[in-house]
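# Structure at a glance
The primary structure of each chain is shown beneath.
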Amino acid sequence: MSTRRRLASAFLGFAVAATTASAALAQKQYDTGATDTEIKIGNIVPYSGPASAYGSVGKAMAAVFKKVNDEGGINGRKINFISYDDGYSPPKTVEQARKLVESDEVLLLVGTLGTAPNTAIQKYLNSKKVPQLFVATGATKWNEPKTFPWTMGWLPSYQSESRIYAKYLSKEKPGAKVAVLYQNDDMGKDYLKGLKDGFGADASRIVAEESYEVSEPTVDSHVVKIKSANPDVLLLYTTPKFGAQAIKKLGEMNWKPVTIVSNVSASTAAVMKPAGIENSQGVISAAYAKDVSDPQWASDAGIKAFDDLLAKYLPEMNRIDSSAMTGYNLATTMVEVLRRCGDNLTRENVMKQAQSLKQFAQGGLLPGVTLTTSATDYMPIEQLQLMQFKGERWQLFGEVISGEIAGN
Amino acid sequence: MSAAEEVVTEAPAVEAVPKRAMTLGYGTSLVVLAALILTPLFVKNFVIFQMTMLLIYGLAVLALNILTGGSGQFSLGQSAFYAIGAYTTAILMEHFNVNYALTLPVAGVICFGAGFLFGQPALRLSGIYLALATFALALAMPQLLKLGFLEHWTGGVQGLVVTKPDAPFGLPLSQDMWLYYFTLAVSIGIYIASVNLLRSRSGRALMSIRDNEIAASAMGVNVALYKTLAFGVSAGITGIAGGLGAIAVQFVAPDGYTITLAISLFVGMVVGGVGWLPGSIVGSAFIIFVPNIAEGISKGLSGAVFGVLLFLVIYLVPHGARQVALVAQQLTAKLKRN
């Protein structure tokens, strides 16, 4: 090849490269935090302090993103997952969120944990128009697209779950007298509200509402008091320790109402076993995710993928830690949303894609439980399936039920 | 109690010239002040926010320093006063639409009252027993804020969201920068007032109580009054810091004011140097930035790394920043002589 021809072909090549590059540039749109090679996303989880057990959420999320990166990333871009510790202290959450947005310059925040920490940064992130996606809390307040268009929930809310119990009771036990024992905080009150809303005009069938404080050593006296109202159904909207105490007390009193415990307290290891397996027989609860310790999922593809991930990227994690499953599921949804964004990685498009999930199924969720969102529905998971404790484990029964609540 | 009290009794602050030992020289003060005024012009908003928090925690550490370094009383309950101040500001701003600047004196006065009242029973206690009583106060505070009948005002577990103020008179400053200079002005005012307090007759009375209570009362110092006053002043300043903190963070919730905060402030005071007021800001920097550094070194072991760093500081410079400053002063003096 002569020098001239070589030059000419080089020129041609350059011209072709330039046109394709500019054509590609025209399609690609980026906001802060996204480039041709990288997507920066932020996260805040308590790795230290009193709530550090939830640190598993962040660790599992990091493992998912690492795996995605090893497999080539999302549309050719690697995920740079920056996760900070706030020790569950809201002032620290604000500092870390500002660091992520203003110093690390992330595209979005995902899976930040806790109601108070998320409330502390909600206004700031919305004023900066930074997506606050899939917050890891069960409060109902994350479904307010009009006031906070950049904040989206993920977990089924306590109210949704409670509505499902109301639906079940209205159908299966019409006319039965209902009593509630709830923890006197935002969680317990959300649960109670969901139940009343679910019963609607029928709410007068609630014959006893008994609340306890987290600081009380035991709820035994409350259970005794509830029995004096002689209800047919007892709902326990408690945290695990108190759930176990209440179920045990029922056994000791030899009183067997239809007993429902919240998903929060549905742990086999932390509630049913301490309460006594024989006392726990027949207790009802609801679930949205697969229980890793349940033998019926032993050969399930979704659980196998989860186990493989832990084995390769997070061997020190205890697989039955339900927070790890939550983190895994959250990160899976995030990956899907980013994949759908394609080359348009603007914050606006991320929100648009997050709003457009239509019955999206994930391996870690129960069959039939799917994620659905819209411009007015910022609550991806609203379905749960009822389950009953039989033998030494939970058995799912009935259809997947929806506890949908309209956004505002 | 011996270790901490030793620090206090050995402190140069109690020597003949408390004036110099307690503060920085004029030259150094001006340099620090200039740095505090000019730095925000060149850094990102996030760093300005961190500097605001630095000043706020600095004020809270200063308040503890007056109590412990000045009157020799211990407190692990500063987070309670900080919380009262923060909630006072938040409630006044959000429920009564009071201007943020006006909420601070109210927070200060309420906390002064709370501290003064708490100081009454605390009079009967000393040393570790007092520390324990204040510890109880710090433990109780987050739960008190969740009480049902207060929920209408405090927002219960959910807390209260606070609106951040804009710069007044249409000044071309960002919210963060305005809040920083506002906080700086308040901090300088309180710092100067504190220095003057400790240099005054009352300050000497406080220090005499710290050094020897019996001797102090023999000289006619009203021990009970001055001890409770020290508690009140300290709580009042902490309350103002809490109010500023609520405005800067834009949110108050019981989870933000746990015992961890009280212990952090205590750590800040020891690292800064007990009884040396300028050390407050060094201590504040330590409790804000060192946990971040520790997290950078190891996420899973951030607490352990923080512990090791704290241990190193206490082991190498047991008198904190004051010791470093003294060594630096001696070195410069030596250099000048040569």
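Residues numbered from 1 in each chain as written. Chains lettered and ligands numbered in written order. Predicted model: local features only at pLDDT ≥ 70, side-chain atom pairs only at ≥ 80, totals over all residues.

### Details of the overall build of chain A
Across its full length, chain A carries 13 helices and 13 strands. With the C-alpha coordinates of chain A rotated into their principal frame, the extents come out at 100 × 45 × 40 Å. For chain A, the residues scored as buried account for 49% of the 408 residues in total. A separation of at least 24 residues holds for 70% of the contacts in chain A among residues at least 6 apart in sequence. (Helix = DSSP H or I, 4+ residues; strand = E, 2+ residues; numbered from the N terminus. Buried ≥ 20, exposed ≤ 12 C-beta atoms within 10 Å, placed from the backbone. Contact = placed C-beta atoms within 7 Å.)

### Quick word on the overall build of chain B
The helix and strand inventory of chain B stands at 16 helices and two strands. Computed over the C-alpha atoms, the radius of gyration of chain B is 20 Å, within 12% of the 20 Å expected from 2.2 N^0.38 for a compact globule of 338 residues. If you line up chain B on its principal axes, its C-alpha atoms span 55 × 50 × 45 Å. Across the 338 residues in chain B, those meeting the buried criterion constitute 48%. Contacts spanning at least 24 positions in sequence make up 78% of the contacts within chain B whose residues lie at least 6 apart. (Rg over C-alpha atoms; globule rule 2.2 N^0.38 Å.)

### Notes on the interface of chain A and chain B
Counting residues at the interface gives 24 residues for chain A, matched by 25 residues for chain B. Listing elements by their share of the side of chain A that touches chain B, those giving two or more residues are strand 3 (78-85), helix 3 (90-103) and helix 4 (115-128) of chain A. The element that contributes the greatest number of residues to the side of chain A that touches chain B is helix 3 of chain A, accounting for eight residues. Across the side of chain A that touches chain B, the residue classes break down as nine nonpolar, seven polar and eight charged. (Nonpolar A, V, L, I, M, F, W, Y, C, P; charged D, E, K, R; others polar.)

### With respect to the nonpolar core
Counting 207 residues, the largest nonpolar core has A:V180, A:L181, A:L235 and B:A60 as the members making the most contacts within it. Ranked by residue count, the leading element in this core is helix 4 (residues 45-71) of chain B, at 16 residues. (Core = buried A, V, L, I, M, F, W, Y, C linked by C-beta atoms within 7 Å.)

### Structural notes on the pairing of strand 2 (residues 38-45) of chain A
All names here are of chain A. In terms of residue burial, strand 2 counts as a mostly covered element, since six of its eight residues are buried. The pairing of strand 2 with strand 3 spans eight bridges and is classified as parallel. Residue pairing across strands places V45 opposite D85, the latter belonging to strand 3. Taking the sense of rotation as the criterion, the β-α-β connection linking strand 2, helix 2 (residues 55-70) and strand 3 turns out right-handed. (Pairing = 2+ DSSP bridges. Right-handed = clockwise from strand over helix to strand, strands pointing away.)

### Here's the deal with the confidence of the model for chain A
In the predicted model, chain A carries a mean pLDDT of 88, and the fraction of residues at 70 or more is 92%. At the low end of the mean pLDDT range in chain A sits helix 1 (residues 3-27) of chain A, at 52; at the high end sits strand 4 (residues 108-110) of chain A, at 96. (pLDDT = per-residue confidence, 0-100.)

### Thoughts on helix 7 (residues 220-228) of chain A
Residue and element names in this part refer to chain A. Among the residues making up helix 7, those that are buried are H222, V223 and I226. Seen along its axis, helix 7 keeps its buried residues to an arc of 100 degrees; they face one direction. In helix 7, the exposed positions angled more than 90 degrees off the buried face are occupied by S221, V224 and S228. Elements in contact with the buried residues of helix 7: strand 6 (178-183), strand 7 (206-212), strand 8 (233-237) and helix 8 (240-253). (Arc of directions from axis to C-beta.)

### Observations regarding the sheet that holds strand 4 of chain A
As summarised here, the arrangement of the four strands in space is 3-2-4-5 (chain A), forming an open sheet in which the pairing is parallel. The two strands at the open ends of the sheet, each matched to only one other strand, are strand 3 and strand 5 (132-133) of chain A.

### Quick notes on the packing of helix 4 of chain B against helix 13 (residues 259-272) of chain B
All names here are of chain B. Running from N to C, helix 4 and helix 13 cross one another at 75 degrees; their axes reach a closest spacing of 9 Å. Taken together, the axes of helix 4 and helix 13 are roughly perpendicular relative to one another. Residue-level inspection shows Y57, A60, V61, L64, N65 and T68 of helix 4 in contact with helix 13, the latter providing L265, F266, G268, M269 and G272. Of the residues contributing to the contact of helix 4 with helix 13, the split by class is seven nonpolar, four polar and no charged. (Axes fitted to C-alpha atoms, helices over the stretch in contact; angles between N-to-C directions. Parallel < 35°, antiparallel > 145°, perpendicular 65-115°, else oblique.)

### Examining unusual backbone geometry
All names here are of chain A. The residue K129 is not glycine, and still its phi comes out positive at about 60 degrees. Note on placement: K129 falls in the loop between helix 4 and strand 5. Here N254, not a glycine, exhibits a phi torsion of approximately 55 degrees, which is positive. Looking at the element boundaries, N254 is found in the loop between helix 8 and strand 9 (258-261). Given 6 C-beta atoms within 10 Å, N254 falls into the exposed group.

### Comments concerning helix 6 (residues 186-199) of chain A
All names here are of chain A. Between its first and last C-alpha atoms helix 6 spans 20 Å; for 14 residues at 1.5 Å apiece the expected length is 20 Å, and the two agree. Of all the 14 residues making up helix 6, ten are buried; the element is thus mostly covered by neighbouring parts of the structure. Burial in helix 6 covers these residues: D186, M187, G188, D190, Y191, L192, G194, L195, G198 and F199. Lining the buried residues of helix 6 we find helix 4, helix 5 (158-172), strand 6, strand 7 and strand 8. Residue G200 follows helix 6 closely and has a positive phi angle near 60 degrees. (Expected span 1.5 Å × (residues − 1).)

### Some thoughts on the pairing of strand 13 (residues 393-402) of chain A
Residues and elements named next belong to chain A. By the bridge criterion, seven bridges tie strand 12 (residues 383-390) to strand 13 in an arrangement that is antiparallel. Considered in strand 13, the bridge of Q388 is made with Q395. Here strand 12 folds back onto strand 13, and the loop between the two strands holds two residues, one of which, G391, carries a positive phi near 65 degrees.

### Notes on the environment of A:N126
Residue and element names in this part refer to chain A. Its place among the elements puts N126 in helix 4. By C-beta crowding, N126 is classed as partly exposed, having 16 other C-beta atoms within 10 Å. Put simply, N126 and F148 are 22 residues apart on the chain and 6.3 Å apart in space, counted from C-alpha to C-alpha. Excluding residues that lie within four positions of it along the chain, N126 makes contacts with F148, W150 and T151.

### Some thoughts on the packing of helix 7 of chain A against helix 8 of chain A
Geometrically, a packed helix pair is captured by the angle between its two axes and the distance between the axes. Residue and element names in this part refer to chain A. Where helix 7 meets helix 8, the axes come as close as 9 Å, and the angle between the chain directions of the two elements is 55 degrees. It follows from the interaxial angle that helix 7 and helix 8 lie oblique. In the crossing of helix 7 with helix 8, the sense of the turn from one axis to the other is right-handed. Contact residues: helix 7 offers D220, V223 and K227, while helix 8 offers Q245, A246, K249, L250 and M253. (Left-handed = near helix turned anticlockwise from the far one by under 90°.)

### Some words on the environment of A:G138
Residues and elements named next belong to chain A. Turning to its location among the elements, G138 is positioned in the loop between strand 5 and helix 5. Taking the C-alpha atoms as reference points, G138 and N69, separated by 69 residues in sequence, lie 30 Å from one another. Excluding residues within four positions of it along the chain, G138 makes contact with L155, S157, Y158 and M187.

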